[in-house]
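Now for the letters of each chain:
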Amino acid sequence: MTTQTGRTALVDELIAIAGPGAVLTDAADMEPYAVDWRRMFFGTPLCVVRPAATQEVADIVRACARHGAAVVPQGGNTGLAGGATPDGSGGEVVLSLQRMACIRALDPVGMTMEVEAGAILQTVREAALEQGRMFPTGIGAEGSATIGGIVSTNAGGVNVLRYGMTRALVLGLEVVLADGTVVNGLRRLRKDNAGYDWKQLFIGSEGTLGIVTAAVLRLVPAPQHSVTAFIAVPDIDAALAFYSLAQSRIGDTLSAFELISAASVGLQEKHFGLKSPASGGQWFILLEGASSLAGIGEAVESLLAEAFESGLAVDGVAAASQQQARALWEIRERITEAEGREGRSVKHDISVPVTAIPAFLADAGKALEDLSPALRLNVFGHLGDGNLHYNVMMAGPGDDGAAINRTVHDAVLRHGGSISAEHGLGQYRVGEWLRTKTPAEQALSAALKQTLDPAGLLNPGKVLPRRDRG
Ligand code: 2HG
Ligand code: ZN
């Protein structure tokens with residue numbers, strides 16, 4: 001970027017656009033925006049700007065473009081791949097959308113909701129529920145994550161199995177392009193084939209092609225009845241067979257089918273003390289059935305009876321109350337935090353075809369054993385989506401995270417999988433993306449970036465390598 005004078009001039013322009021209270025330049029004030037919540041990525045931005053309206057975002061982007069300053073859009077800063085924090089190059093403008101948090105409209109009949117990017121996911125979900133509707137994207141960080149963030153990362157979560165990724169839940173989008181143009185596509189249509197579906201380019205591209213400022217979300221009817229069960233299964237083949245049985249018996253009501261290793265349950269018990277209600281298996285399943293119709297309780301009971309009879313399940317409970325269901329979910333939701341308390345880990349957010357899960361686990365386990373026998377695994381995830389959080393606990397300071405990464409990702413590729421299922425690439429996985437994607441796919445991605453952000457100022461170093469280091 002430019003000189004000290006240029007930097008001061010840019011800050012002055014940003015203050016003129018957003019107001020003095022909306023621009024932070026003090027290092028201590030900027031800290032929460034400059035570092036991710038896991039404290040893995042540390043940026044040194046020029047300033048943080050917190051606009052209150054789309055037009056301000058456009059003016060900020062235009063000013064940054066004039067000064068050649070990079071812009072890092074940020075929502076709740078809850079990501080797991082460093083997509084929303086500056087990459088350490090220095091001098092960026094962090095553009096926090098948090099103040100743009102308005103729910104503009106909710107149509108319970110058309111089942112749509114128009115919200116600004118900074119709206120908190122939990123607030124959005126609660127507003128929908130008040131009208132008997134549900135916005136299905138459900139993630140652990142919903143109390144801080146924002147709509148702009150979940151759209152920009154195409155967030156997944158525990159209900160993807162039934163409702164799809166965030167991509168499937170966005171009907172319309174408003175974005176600010178790299179040159180400051182505002183593109184308003186806030187249509188609330190379920191059918192719209194009038195030309196390219198351009199909004200898809202901005203969903204999941206982590207603010208590298210444009211900045212999401214508002215979205216029209218697709219809502220679904222809020223289920224009136226639900227059942228949660230926590231089941232021990234003898235091995236991974238049984239987990240898969242149980243999944244297939246669940247699809248056959250209660251498939252149209254199946255809203256979650258989570259896989260949890262015995263080691264993950266053990267970690268959670270060690271750090272949070274929540275007792276597992278089932279034992280005797282290598283793996284656990286947390287399943288949820290939900291419906292507008294009564295009778296889901298009986299349907300899940302009979303599914304479990306069949307699973308026990310055929311030996312696919314060895315122990316387990318179905319929650320008798322909402323409170324018990326919450327307690328079962330808490331075991332699952334505490335795993336990430338328990339892993340953090342246990343020590344350093346190398347995270348992998350991978351997916352393989354569902355039926356390849358057993359072969360992948362055997363293959364990756366063997367490859368890691370060959371690399372270093374002392375590594376311990378914390379594997380859990382969304383079995384129905386083929387998405388595993390295949391996290392490796394580092395045994396000692398000498399462990400090579402990059403070698404562990406490569407070993408796991410190579411196994412993923414051998415089984416036709418992806419190195420990022422739902423967390424995105426951020427800055428964490430750019431190197432592995434470069435190593436594992438075909439030249440044709442890389443060239444296509446670079447061409448899209450070149451078209452929409454020719455100066456490379458939108459969230460540089462995320463998804464794609466920085467040009468100057470490419
Ligand atoms: C989850 O499924 C999240 O709980 C976090 O995607 C996964 O901590 C992780 O690796
Ligand atoms: Zn997950």
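Residues numbered from 1 in each chain as written. Chains lettered and ligands numbered in written order. Predicted model: local features only at pLDDT ≥ 70, side-chain atom pairs only at ≥ 80, totals over all residues. Heavy atoms only, no water.

- The name given to the chain in an unreviewed UniProt entry is FAD/FMN-containing dehydrogenase, with Pseudochelatococcus lubricantis as the source organism.
- What UniProt records for the chain under Sequence similarities (unreviewed entry) is the sentence "Belongs to the FAD-binding oxidoreductase/transferase type 4 family." (UniProt positions renumbered as here; feature names shortened; annotations may be inferred.)

### A few points about the pattern of salt bridges
- What the rule picks out here adds up to 28 salt bridges.
- In this structure, Glu92 engages Arg466 in a salt bridge whose closest nitrogen and oxygen atoms are separated by 3.5 Å. Taken together, the positions of Glu92 in the loop between strand S3 (71–74) and strand S4 (93–96) and Arg466 in the segment after helix H16 (439–452) put the pair 374 residues apart, joining distant regions of the chain.
- Using a relative accessible area of 1% as the deciding quantity, one classes Glu92 as buried.
- With a closest N to O distance of 2.8 Å, Glu342 and Lys270 form a salt bridge. Of this pair, Glu342 sits in helix H12 (residues 335–342) while Lys270 is found in helix H9 (residues 262–272), placing the two residues 72 residues apart along the sequence.
- Taken together, the shared-partner salt bridges in this structure form one network comprising Arg104, Glu114, Glu116 and Glu174. (Salt bridge = Lys/Arg side-chain N within 4 Å of Asp/Glu carboxyl O. Helix = DSSP H or I, 4+ residues; strand = E, 2+ residues; numbered from the N terminus. Buried < 20%, exposed > 50% of the residue type's maximum accessible area, 1.4 Å probe, protein only.)

### So, the pairing of strand S19 (residues 387–393)
- With seven of its seven residues buried, S19 lies for the most part within the structure.
- Judged by which residues are buried, S19 turns out to be covered on both faces: Asn387, His389, Asn391 and Met393 on one side and Leu388, Tyr390 and Val392 on the other are all buried.
- In the sheet, strand S17 (residues 349–351) pairs with S19 via three bridges, with the strands oriented antiparallel. Opposite Ser351, over in S19, you have Asn387 as the bridge partner. (Pairing = 2+ DSSP bridges.)

### Quick word on the coordination of the zinc ion (ligand 2)
- The coordination sphere of the zinc ion (ligand 2), as far as protein atoms go, consists of His382 (NE2), His389 (NE2) and Glu422 (OE), spread over 1.9 to 2.2 Å.
- Counting along the primary sequence, the residues that act as donors to the zinc ion (ligand 2) give the motif H-x6-H-x32-E. In this pair, His389 is assigned in strand S19 and Glu422 in the loop between helix H14 (401–414) and helix H15 (430–436), connecting sequence segments 33 residues apart. Across this residue pair, the class does not change: His389 and Glu422 are buried. (Donors = N, O, S within 2.8 Å, 3.2 Å for Na, K, Ca; no water.)

### Let's talk about the site of ligand 1
- Near ligand 1 you find Leu80, Arg332, Thr336, Lys347, Phe380, His382, His389, Asn391, Glu422 and His423, and these make up its full shell.
- Arg332 is positioned with one of its side-chain polar atoms (N or O) 2.7 Å from an oxygen atom of ligand 1.
- Here an oxygen atom of ligand 1 and a side-chain polar atom of Thr336 are 2.7 Å apart.
- Its free accessible area being 290 Å², ligand 1 has 85% of it covered by the protein chains.
- Looking at the shell around ligand 1, the elements with two or more residues in it are strand S18 (376–382) and S19.
- Tallied by class, the residues present in the shell around ligand 1 amount to two nonpolar, five polar and three charged. (Near = heavy atom within 4 Å. Polar contact = N/O pair within 3.5 Å; in protein donor to acceptor, adjacent residues only side chain to side chain. Areas by Shrake-Rupley, 256 points an atom, 1.4 Å probe, with all protein chains shown as cover. Nonpolar A, V, L, I, M, F, W, Y, C, P; charged D, E, K, R; others polar.)

### Digging into the state of the cysteines
- Applying the stated criterion to the full structure yields zero disulfides.
- No disulfide involves Cys64; its sulfur sits 7.1 Å from that of Cys47, the nearest cysteine.
- Its relative accessible area of 0% is what places Cys64 among the buried residues. (Disulfide = S-S within 2.5 Å.)

### Topic: the side chain of Asn405
- Locating Asn405 in the fold gives a position in helix H14.
- Asn405 sits in the buried class, given a relative accessible area of 10%.

### Overview of the environment of Ile250
- Mapped onto the elements, Ile250 comes out in helix H8 (residues 236–250).
- Residue class for Ile250 comes out buried when judged on its relative accessible area of 3%.
- Spatially, the C-alpha atom of Ile250 lies 6.9 Å from that of Ala299, the residues being 49 residues apart in sequence.
- What Ile250 contacts, discounting residues up to four positions off in sequence, is Leu287, Ala299, Val300 and Leu303. (Contact = heavy atoms within 4.5 Å.)

### Digging into the sheet that holds strand S2 (residues 47–49)
- Strand order in the open sheet formed by four strands is S1-S2-S4-S3, with mixed pairing between adjacent strands. Of all the strands in the sheet, the pair left with one neighbour each is strand S1 (23–24) and S3.
- In the sheet, S1 pairs with S2 via two bridges, with the strands oriented antiparallel. The residue of S2 that forms the bridge with Leu24 is Val48.
- Seen against the sheet, helix H3 (residues 54–67) touches S2, S3 and S4 and runs at an angle of roughly 170 degrees to S4. (Axes fitted to C-alpha atoms, helices over the stretch in contact; angles between N-to-C directions.)

### So, the packing of aromatic side chains
- The tally for this structure, following the rule as stated, stands at six aromatic pairs.
- When the centroid spacing of 6.2 Å and the interplanar angle of 65 degrees are considered together, the rings of Phe41 and Tyr428 count as edge-to-face. With Phe41 in the loop between helix H2 (27–34) and S2 and Tyr428 in the loop between H14 and H15, this residue pair connects regions lying 387 residues apart in the sequence.
- Taking relative accessible area as the criterion, Phe41 reaches 10% and is therefore assigned buried. (Phe/Tyr/Trp six-rings, centres within 6.5 Å; stacked < 30°, edge-to-face > 60°.)

### Some thoughts on the UniProt feature "domain: FAD-binding PCMH-type" (unreviewed entry) in the chain
- UniProt feature "domain: FAD-binding PCMH-type" (unreviewed entry): in the numbering of this structure it lies at residues 41–222.
- As annotated, residues 41–222 comprises 21% helix and 24% strand, and the C-alpha atoms at either end are separated by 38 Å.

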